[in-house]
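Survey of secondary and tertiary structure
Here are the chains, one letter per residue:
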Amino acid sequence: MEELIRQEKVRKLRELGIEPYPHKFEVTHEIHAVREKYEKEPQGEEVVLKAKVKRVSNYEGKKLLRLTDESGLEILALTEEEEIKPGEEYTFKGNLVRHEGKLTVINAKVVDEKPNATIEEIKKAYDFDPQGEEVSIAGRLVAWRPMGKAIFGHIQDLLGKIQIYIKKDTIGEENFKFIKEFVDLGDIVGVKGNLFRTQTGELTVEVKEFKLLSKCLHPLPEKWHGIKDIEVRYRQRYLDLIANPNARKIFLMRSKLLAEIRKFMTENGFLEVETPILQPIASGANAKPFITHHNYLDMDLYLRIAPELYLKRLIVGGYPKVFEIGKNFRNEGVDTTHNPEFTMMEFYAAYWDYKDLIRFTERLFEHLINTVLGGKSKVTFEGMEIDLKPPFRVVRYFDLLKEGTGKDKDFFLKADREELIKLARELEVKNPETLTRAKLIDKIFEKVGEPKLVQPTFVIDFPKLLSPLAKTHREDPDLVERFELIIGKMEVANAYTELNDPKEQEERFLDQLKEKQAGDDEAMEMDKDFIRALEYGLPPTGGEGIGIDRLAMLFAGVNSIREVILFPAMRPEG
RNA sequence: GAGCCGGUAGCUCAGUCGGUAGAGCAACGGCCUUUUAAGCCGUGGGUCCCGGGUUCGACUCCCGGCCGGCUCACCA
């Protein structure tokens, strides 16, 4: 009943005339800015260091060592060496980085070499003396170590964490007593004081003024293990973000990813637009929609399954390059790669075709690797090593099918449906007899094509049957000019030269209606106004959709879409 | 929608053969003015997911349900 104890503190504070939730605290620095000012970022330089092991702890399958020497200064080391004993002296060789703000020797190995640096020299080179600068900072209290007449703690804001030191002599007896009595781990606090370095060398604020800014009524998750329960992490994402640095990191990366995509699009002449989410006709993709109701108009509306048909109307209207980043909603299953609402970027460029889109997509990836991944193009996804560096492999749809089945295009498009069903059954496609020809081809492709596509691959030239909005291939009337970009067996992008012949578009919609009657409940809906728009003239246009969540999964190296969506879909709590 | 696995203190986890529950962190009371997974001494804390059943007795065994994870199906 720690909650009760904390509530009681709030009551007492009010009684004393102290507001536990004050309106304002003047902040002069964000925590990371303070650190950046007095800390240089090491770049993995090799160091050989002789030092005594003060403490050994387990950290993500490795050993985290706290090292010291005669200077009393401290440095961390991460090692896979098993036989490290506290109190013993070793010479370590490894690479210097900053880990959660602290200088750390990673990949540390015990060696028999002459040291090339002392802890003191390393600290001097990367951790500078703040010379008592006054700062006023605020954040959440995430560590709290009272030691008699002094208290050490850490406060954390979004990008950083810094140690605070509260000394009775500095802050005064009464303030010290107040802090001891009323402040708890998890509270949001503001401190004003002077920067110094402790004996072990850690940048610290010696607190002159302390203000409680918001009382935390619940105890925080455990400091060492964080919060592991996946259900709690998703339902109470704020706890995940407070307790798990990796979660914070992933969503920062996602935000950066979106910012860089926007920047790249804008710099390349694309105009950001917004089109309806509430749509009277759910079209532009093959999917089951959510249905909602507008009371005043007394009509059912759909949450969009795609913005495609609206964006193309804008090209007709005279905007040559447009893009939209937003949510699509599909009333389907939930699993590690599907959330009912998901983020897509769609963009359209007049006078481009699908080959221009391939080049543009590669340039976009190049930009994102450089800005979001810091130039490192290799990622690990589901245990697969994937290199995101363009150019990507290009392979034709029917070549992949032939490779996987030995059957050519004519077989898939012209053979009796029975034969396709037979092949599908051999490949363990479920209930093939209920599928239309288009779906059969699609399923067979998913069985034999996609599983092979680990490294980024443009699959090009799809069958027309599967692509009602794509323009017929200039060299083959059975195909359309379309590609999917597949990475790690996941469809990440889908693009085509847009069909701009209104008559042909109308016929393709009619074909879709036939598919629907034949049992495909995801076949596309006819949109008559869209046809009318095409009748006014859509220039030759290339259009593409990129799945932002999946891109974020790849960039973050996580295998569940819920790890990159802040609040993934969940059933209501018990 | 189906199969498998899981749900125990605020958090991370133990819990033997069926005998009404433990540890670390967090909390509470002490000591401690450069600590850092601080340390030392002491204390309190449980709807064992929910509902039935079997049993003298159920965290444990059985049945049903809720929530989650994984795999499959469906989809991007």
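Refer to the preceding data block for the structure.
For the structure given in this document, a descriptive report is provided here.

Right, let's get into the protein's contact with RNA strand B. In the neighbourhood of RNA strand B, 63 residues make up the surrounding shell, with Arg66, Thr200, Lys223, His338 and Lys443 lying closest. Within the contact set of RNA strand B, a phosphate oxygen lies 3.1 Å away from a side-chain nitrogen or oxygen of lysine 9. Contact between RNA strand B and glutamate 222: a sugar or linking oxygen at 3.2 Å from a main-chain N or O atom of the residue. Of all elements in the fold, only α1 (2-15), β1 (45-59), β6 (134-146), β7 (150-156), β8 (161-167), α6 (230-235) and α14 (437-448) reach the threshold of two or more residues within the surface near RNA strand B. Per-element tally for the surface near RNA strand B: the top contributor is α6, with four residues. Class assignment for the residues of the surface near RNA strand B results in 16 nonpolar, 16 polar and 31 charged.

As a further point, take the pairing of strand β16 (residues 341-350). Most of β16 sits inside the fold, with nine of its ten residues counted as buried. The pairing of strand β15 (residues 321-329) with β16 spans nine bridges and is antiparallel. What sits directly across from valine 322, in β16, is tyrosine 348. In the sheet, β16 pairs with strand β23 (residues 541-547) via seven bridges, with the strands oriented antiparallel. Bridge pairing links glutamate 346 to glycine 545 in β23.

Attention now moves to the pattern of salt bridges. Where charged atoms from two side chains of opposite charge come close, those side chains can pair. Counted by the stated rule, this structure contains 53 salt bridges. For glutamate 8, the salt bridge goes to arginine 11, with nearest N and O atoms at 2.7 Å. Within this pair, glutamate 8 and its partner arginine 11 are both found in helix α1, separated by three residues, close to a single helical turn. When its relative accessible area of 42% is taken as the criterion, arginine 11 is described as partly exposed. Several salt bridges share partner residues, and in doing so they unite Arg35, Glu39, Glu41, Arg98, Lys123, Asp127 and Arg197 into one network.

Across all of its chains, the model carries 20 aromatic pairs by this definition. Centroid distance phenylalanine 365 to phenylalanine 392: 5.4 Å. Interplanar angle 85°. Geometry classified as edge-to-face. A residue pair is termed long-range when its members are at least 10 positions apart, and phenylalanine 365 in helix α10 (residues 354-372) and phenylalanine 392 in the loop between β18 (384-387) and β19 (393-396) qualify at 27 residues. Each ring, one from tyrosine 397 and one from phenylalanine 445, has its centre 4.3 Å from the other, and the planes form 15°; the classification is stacked. Here phenylalanine 445 lies in helix α14 and tyrosine 397 lies in helix α11 (residues 397-405), a separation of 48 residues in the sequence.

Before going further, it helps to examine the sheet that holds strand β12 (residues 278-279). Read from one edge of the open sheet, three strands run β12-β14-β13, paired in antiparallel fashion. Either end of the sheet is taken by a strand with one partner, and the two such strands are β12 and β13 (291-294). Of the strand pairs in this sheet, β12 and strand β14 (residues 299-303) are connected by two bridges, and their pairing is antiparallel. Bridge assignment links leucine 278 to a residue of β14, and that residue is leucine 303.

Bringing helix α3 (residues 119-126) into the picture now. Those residues of α3 lying buried are Ile119, Ile122, Lys123 and Tyr126. One side of α3 carries all its buried residues, which in axial view fall inside an arc of 95°. In this fold, the buried residues of α3 make contact with α2 (31-38), β1, β2 (62-68), β3 (74-79), β4 (89-99) and β5 (102-110).

A contiguous nonpolar surface patch, about 260 Å² in accessible area, is contributed by Leu158, Leu159 and Leu252. Of note, leucine 252 is situated in helix α8 (residues 245-267).

Below, the discussion takes up α1. For α1, which comprises 14 residues, the first-to-last C-alpha distance of 20 Å matches the rise-based estimate of 20 Å (1.5 Å per residue) to within 8%. Among all positions of α1, only Arg6, Lys9, Val10 and Leu13 are buried. Across the axial projection of α1, the buried residues extend over an arc of 100°, all falling on one side. For α1, exposure combined with an orientation more than 90 degrees from the buried face picks out Leu4, Ile5 and Glu15.

A few words on the pairing of strand β17 (residues 378-381). Only one face of β17 is buried: it carries Val379 and Phe381, and the other face, with Lys378 and Thr380, is open. Bridge count for β17 against β18 is four bridges, and the pairing is antiparallel. Bridging from a neighbouring strand, threonine 380 pairs with glutamate 385 of β18. Hairpin geometry of β17 and β18 is characterised by an intervening segment of two residues between the two adjacent antiparallel strands and by a positive phi of about 50° at glutamate 382.

Let's shift gears to the side chain of arginine 6. As for its placement among the helices and strands, arginine 6 is situated in helix α1. For the buried arginine 6, no salt bridge is present, and the opposite-charge side chain at shortest range is aspartate 184, 4.0 Å distant. Other than its neighbours up to four places away in sequence, arginine 6 contacts Asp184, Leu185, Asp187, Cys216, Leu217, His218 and Pro219.

A separate point is the environment of tyrosine 536. Mapped onto the secondary structure, tyrosine 536 falls in the loop between α16 (528-535) and β23. Each C-alpha atom, one on tyrosine 536 and one on glutamate 60, is 61 Å from the other, the two residues being 476 residues apart in sequence.

The rules behind these values
Residues numbered from 1 in each chain as written. Chains lettered and ligands numbered in written order. Predicted model: local features only at pLDDT ≥ 70, side-chain atom pairs only at ≥ 80, totals over all residues. Heavy atoms only, no water. Near = heavy atom within 4 Å. Polar contact = N/O pair within 3.5 Å; in protein donor to acceptor, adjacent residues only side chain to side chain. Helix = DSSP H or I, 4+ residues; strand = E, 2+ residues; numbered from the N terminus. Nonpolar A, V, L, I, M, F, W, Y, C, P; charged D, E, K, R; others polar. Buried < 20%, exposed > 50% of the residue type's maximum accessible area, 1.4 Å probe, protein only. Pairing = 2+ DSSP bridges. Salt bridge = Lys/Arg side-chain N within 4 Å of Asp/Glu carboxyl O. Phe/Tyr/Trp six-rings, centres within 6.5 Å; stacked < 30°, edge-to-face > 60°. Arc of directions from axis to C-beta. Contact = heavy atoms within 4.5 Å. Patch = residues over 30% accessible without salt bridge, like charges linked within 9 Å, V, L, I, M, F, W, Y side chains within 5 Å. Areas by Shrake-Rupley, 256 points an atom, 1.4 Å probe, with all protein chains shown as cover. Expected span 1.5 Å × (residues − 1). Lys, Arg positive; Asp, Glu negative; His and termini not counted.

Nothing here speaks to function; it is all geometry.
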